[in-house]
Amino acid sequence: MKTVLKYNICFVVLLLGLGCQEALNEEVKTFFTEDTFYQTEQDARLAINGIYGHLGANFDGALNAEGIYFANYWTANALLSDEGESDGDFGRGYFELSTMTHTPQSNIALQIWSNLYLGINAANLAIANIPDIDMNADIKDNLLGEAYFLRGLLYFELVRFFGEVPLQLVAQTEFTTDSYLPRSTEEEVYNQILSDLVIAENSLPTEQTGVDNGRPTSWSAKAYTAKAALQQGVNLTLAQTRLEDIINGPFGLWQDYADVFKIGNNNGKEVLFSISFLEGEDLFTTLWEGGHLVFRTLPNLYGGRPNGQGFETPTQNLFDSFDDLDRRKEVTFLSEDVIDGETVDFGRPYVVKYWDQQAEPEVNNTNNDLQLIRFADILLMYAEVLNELNNGSSTDALVAINRVRRRARYSNGVENNVLPNLTTMGYQDFKDAILDERRKELAWEGHRWFDLVRFGKLQEKVSLAKPNVSITTPRHNLLPIPQRERDLNPSLTQNLDY
């Protein structure tokens, strides 16, 4: 893809504060090259930071803000499942995902594919070049561990979104026919993911402090090793081992579910890995860097205050699945609010869980993180793994899921009479209970579509929540391979039924 070269040139330039388009309008010789850049420890750190540029927004002044976790990741997961719907296209193609009418021409699928491979190529560049830099060996090992972690993470997202994908492990700095790789099997991709994560686990520190707080740790690698093994469904004992390590580690649940999404608790005891978005220099660039976690989901009814847009909304089916006394319901949704002294009924629920109203009273800007994997997810994965291994609930599995349910009973320190502890259950009943608990605990956090595919429940659940949507499997278990990529690379085949 020609865009690979463009972004590889730009990642250093962006970090130096220049716009990408400005860089491309200059002679390339006036900027860093691969031969002159990878010389110092600072260069190595910049190379790692360049990978993150494809995860967040990377706003460059021209609305070029398409990083994988900026909006597409969690929005697509909601719309492709029973969680969310979109009433209009807004010029981006989300409506097609919501109605399951997306095709290989989907610009959202193309953005996801492109940004994941751009991030992977940046990781490949770091992995190829950092070993030759003369620098502190421990720091070098940590930075390489970070590159391997991010490459493993990005390939994990690729295989979940698209299934079989080309396994490109060599950095591409110019366009050649060597870029035309065929799709590797899912087994081959998962083997590479687990290999990268093992290297990361052995190289990353157990804790990041100071300015590095929020970067991945060995715990992050353990968590994604478990998540990948569970999603693949092959090595569940590996998942069990890593999950037990984490459960016996330094992590825990906040007492109140609302505390999970407080900005002051970012990178706190419940987080194993999250994405921190950049804050712009003014309100507009801040909106495009981090604001979409609230900007896209809150209603456009806030009078003189900066507005949300309600681009995507939760299904009524999702909202109705919560007990009214479940603390997660009032934290996750907003159906009415007091505006200018009057109670305004919005007519439908909106997602509000990422809006820390005390820290950020204005609604279109947030410094909040997108938590990709947190401790409650670990507990629920553990219950799921044990159910698969033991063909039914076990004591440890029930303890794990009931920790999550117990926390959801508490509202401002008061325990409500709701969500009693689960007791011994057979395999299918317990599996259904785990899926339901994941739906409530992790709503709108980028899990639901992947969960429904793994549980084999996508068609059933989407049909219930969106009865007017025509959904079939295996077609909708994956996104289509973008047609633009197939036009460029004749080796690429298409997913079933596209």
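Quick note: structure is the one above.
Below is a short write-up of the structure.

**Here's the deal with the overall build of the protein chain**
Inference 1: A tally of helices and strands in the protein chain yields 21 helices and 8 strands.
Inference 2: A buried classification covers 59% of the 498 residues belonging to the protein chain.
Inference 3: In the structure as shown, the protein chain presents an accessible area of about 19700 Å², 47% of it carried by carbon and sulfur atoms.

**Quick notes on the packing of aromatic side chains**
Centre-to-centre distance and the angle between the planes together describe a pair of aromatic rings.
Inference 1: Under the definition given, this model contains 22 aromatic pairs.
Inference 2: A centroid spacing of 5.9 Å and a plane angle of 70° characterise the contact between Phe 149 and Tyr 224, whose relative ring orientation is edge-to-face. In this pair, Phe 149 is assigned in helix 8 (residues 137-162) and Tyr 224 in helix 10 (residues 218-232), connecting sequence segments 75 residues apart. In this pair, the class of Phe 149 matches that of Tyr 224, namely buried.
Inference 3: Three or more aromatic residues joined by ring pairs make a cluster, and in this case those are Tyr 69, Tyr 73, Trp 113, Tyr 117, Tyr 155, Phe 161, Phe 162, Trp 449 and Phe 450.
Inference 4: Sitting over the ring of Phe 319, Lys 329 keeps its end group 4.3 Å from the ring centre.
Inference 5: The residue whose ring lies beneath Lys 440 is Phe 322, and the NZ or CZ to ring-centre distance is 6.0 Å.

**Considering the pattern of salt bridges**
Inference 1: Considering all chains together, one arrives at 37 salt bridges under this definition.
Inference 2: Between Glu 270 and Arg 407 there is a salt bridge, with the nearest N and O atoms lying 3.0 Å from each other. A residue pair is termed long-range when its members are at least 10 positions apart, and Glu 270 in the loop between helix 11 (236-247) and strand 2 (271-275) and Arg 407 in helix 17 (residues 395-408) qualify at 137 residues.
Inference 3: Under the relative-accessibility criterion, Glu 270 is labelled buried at 0%.
Inference 4: The salt bridge partner of Glu 441 is Arg 374, with a shortest N-O separation of 2.9 Å. Placement of Glu 441 in helix 18 (residues 427-441) and of Arg 374 in strand 6 (residues 370-374) is noted, with a sequence separation of 67 residues between them. In terms of burial, Glu 441 and Arg 374 fall into one category: buried.

**Some remarks on the side chain of Asn 129**
Inference 1: Following the sequence through the fold, Asn 129 ends up in helix 7 (residues 107-129).
Inference 2: Among the polar contacts listed, one links the side chain of Asn 129 to the backbone oxygen of Leu 125, at a separation of 2.8 Å.

**Overview of the nonpolar core**
A general feature of soluble globular proteins is that nonpolar side chains tend to end up buried together.
Inference 1: Phe 149 and Phe 162 are the most contacted members of the largest nonpolar core, which totals 129 residues.
Inference 2: Top element by residues in this core is helix 8. It accounts for 14 residues.
Inference 3: In contact with Phe 149, not counting residues within four places along its chain, are Leu 197, Ala 200, Leu 204, Pro 216, Ser 220, Ala 221, Tyr 224 and Phe 273.
Inference 4: Grouped together as the second largest cluster of nonpolar side chains are 5 residues, Leu 318, Phe 319, Phe 322 and Phe 333 included.

**Re the environment of Asn 267**
Inference 1: Mapped onto the elements of the fold, Asn 267 is located in the loop between helix 11 and strand 2.
Inference 2: With a relative accessible area of 25%, Asn 267 lands in the partly exposed category.
Inference 3: For the pair Asn 267 and Gln 371, spaced 104 residues apart in sequence, the C-alpha separation works out to 8.6 Å.
Inference 4: A distance of 3.3 Å separates a polar atom in the side chain of Asn 267 from a polar atom in the side chain of Ser 274.

**Quick word on helix 19 (residues 448-455)**
Inference 1: The element helix 19 is extensively covered by neighbouring structure, given that 7 of its 8 residues are classed as buried.
Inference 2: Turning to helix 19, its buried residues number three or more, namely Arg 448, Trp 449, Phe 450, Asp 451, Leu 452, Arg 454 and Phe 455.
Inference 3: If you follow the buried residues of helix 19, they end up packed against helix 5 (72-79), helix 8, helix 10, helix 16 (375-390), helix 18 and helix 20 (458-465).
Inference 4: Immediately beyond the C-terminal end of helix 19, within one or two residues, lies Gly 456, with a positive phi of roughly 70°.

**Concerning unusual backbone geometry**
Inference 1: Of the consecutive residues Thr 473 and Pro 474, the connecting peptide bond is found in the cis state with omega at 15°.
Inference 2: Among the secondary structure elements, Pro 474 is positioned in the loop between helix 20 and helix 21 (483-488).
Inference 3: One non-glycine residue, Asn 267, lies in positive phi territory at about 60°.

**A short note on the environment of Asn 266**
Inference 1: Relative to the helices and strands, Asn 266 resides in the loop between helix 11 and strand 2.
Inference 2: Apart from residues lying up to four places away in sequence, Asn 266 is in contact with Asn 367, Asn 368 and Asp 369.

**Notes on the packing of helix 5 against helix 8**
Helix packing geometry: the angle between the two helix axes and the distance between the axes.
Inference 1: Running from amino to carboxyl end, helix 5 crosses helix 8 at an angle of 25°, the nearest separation of the two axes being 13 Å. Relative to helix 8, helix 5 is oriented roughly parallel. In terms of crossing hand, the pair formed by helix 5 and helix 8 is left-handed. Where helix 5 abuts helix 8, its residues Tyr 73, Ala 76 and Asn 77 lie against Glu 157, Arg 160 and Phe 161.

**A word on helix 17**
Inference 1: Between its terminal C-alpha atoms helix 17 stretches 20 Å, which fits the 20 Å expected from 14 residues at 1.5 Å a residue.
Inference 2: Those residues of helix 17 that fall on the buried side of the exposure criterion are Ala 397, Leu 398, Ala 400, Ile 401, Asn 402, Val 404, Arg 405, Arg 407 and Ala 408.
Inference 3: Residues of helix 17 that are buried in the fold lie against helix 15 (327-332), strand 6, helix 16, strand 7 (410-411) and helix 18.

**Some details on the pairing of strand 2**
Inference 1: The buried count for strand 2 comes to 5 of 5 residues, which makes it a mostly enclosed element.
Inference 2: The pairing of strand 2 with strand 6 spans 4 bridges and is classified as antiparallel. When the bridges of strand 6 are listed, Ile 275 appears paired with Leu 370.

**Re the pairing of strand 4 (residues 333-339)**
Inference 1: Across 6 bridges, strand 4 lies against strand 5 (residues 342-351) in antiparallel orientation. Note that in strand 5 the partner of Leu 334 across the bridge is Tyr 350.
Inference 2: If you look at the hairpin formed by strand 4 and strand 5, you'll find 2 residues sitting between the two strands, and Asp 340 has a positive phi there, around 55°.

Rules and cut-offs
- Residues take numbers from 1 onward in each chain, read along the sequence in its written order.
- Per-residue local features of the predicted model are confined to residues with pLDDT of at least 70, and side-chain atom pairs are confined, for both listing and counting, to 80 or more; whole-chain, interface and lining totals are unaffected and use all residues.
- Side-chain figures throughout are based on the complete set of non-hydrogen atoms in the structure, without hydrogens or water.
- Numbering of helices and strands runs from the N terminus, with a helix taken as a DSSP run of H or I at least four residues long and a strand as a DSSP run of E at least two residues long.
- Only protein chains enter the area calculation, which uses a 1.4 Å probe; residues under 20% of their type maximum are buried, those over 50% are exposed, and those in between are partly exposed.
- The Shrake-Rupley method, run with a 1.4 Å probe, gives the accessible areas here. Residue values count only the displayed protein chains as cover.
- Aromatic pairs are defined between Phe, Tyr and Trp rings, using the six-membered ring for Trp, whenever the two ring centres lie within 6.5 Å; interplanar angles under 30 degrees are classed as stacked, those over 60 as edge-to-face, and all others as tilted.
- Two limits define a charge over a ring: the Lys NZ or Arg CZ must be within 6 Å of the ring centre, and within 35 degrees of the ring normal.
- One side-chain nitrogen of Lys or Arg within 4 Å of one carboxyl oxygen of Asp or Glu is enough to make a salt bridge.
- Any pair of nitrogen or oxygen atoms within 3.5 Å is treated as a polar contact; in protein, a donor-acceptor pairing is required on top of that, and neighbouring residues in sequence qualify only through side-chain atoms on both sides.
- Nonpolar core, defined: a set of buried Ala, Val, Leu, Ile, Met, Phe, Trp, Tyr and Cys residues in which side-chain atoms within 4.5 Å join the residues together.
- The contact definition used throughout considers only heavy atoms, calling two residues in contact when any of these lie within 4.5 Å.
- Axis angles are defined between N-to-C directions and span 0 to 180 degrees, where every axis is a line fitted to C-alpha atoms and, for a helix, only to the segment in contact.
- Angle categories: roughly parallel below 35 degrees, roughly antiparallel above 145, roughly perpendicular from 65 to 115, and oblique for all the rest.
- In this scheme, a crossing is called left-handed if the near helix is turned counterclockwise away from the far one by less than a right angle; it is called right-handed if the turn is clockwise.
- An expected span of 1.5 Å times one less than the residue number is assigned to each helix.
- Strand pairing follows a simple DSSP-based rule, namely that at least 2 bridges must link the two strands.

Purely geometric numbers; function is a separate question.
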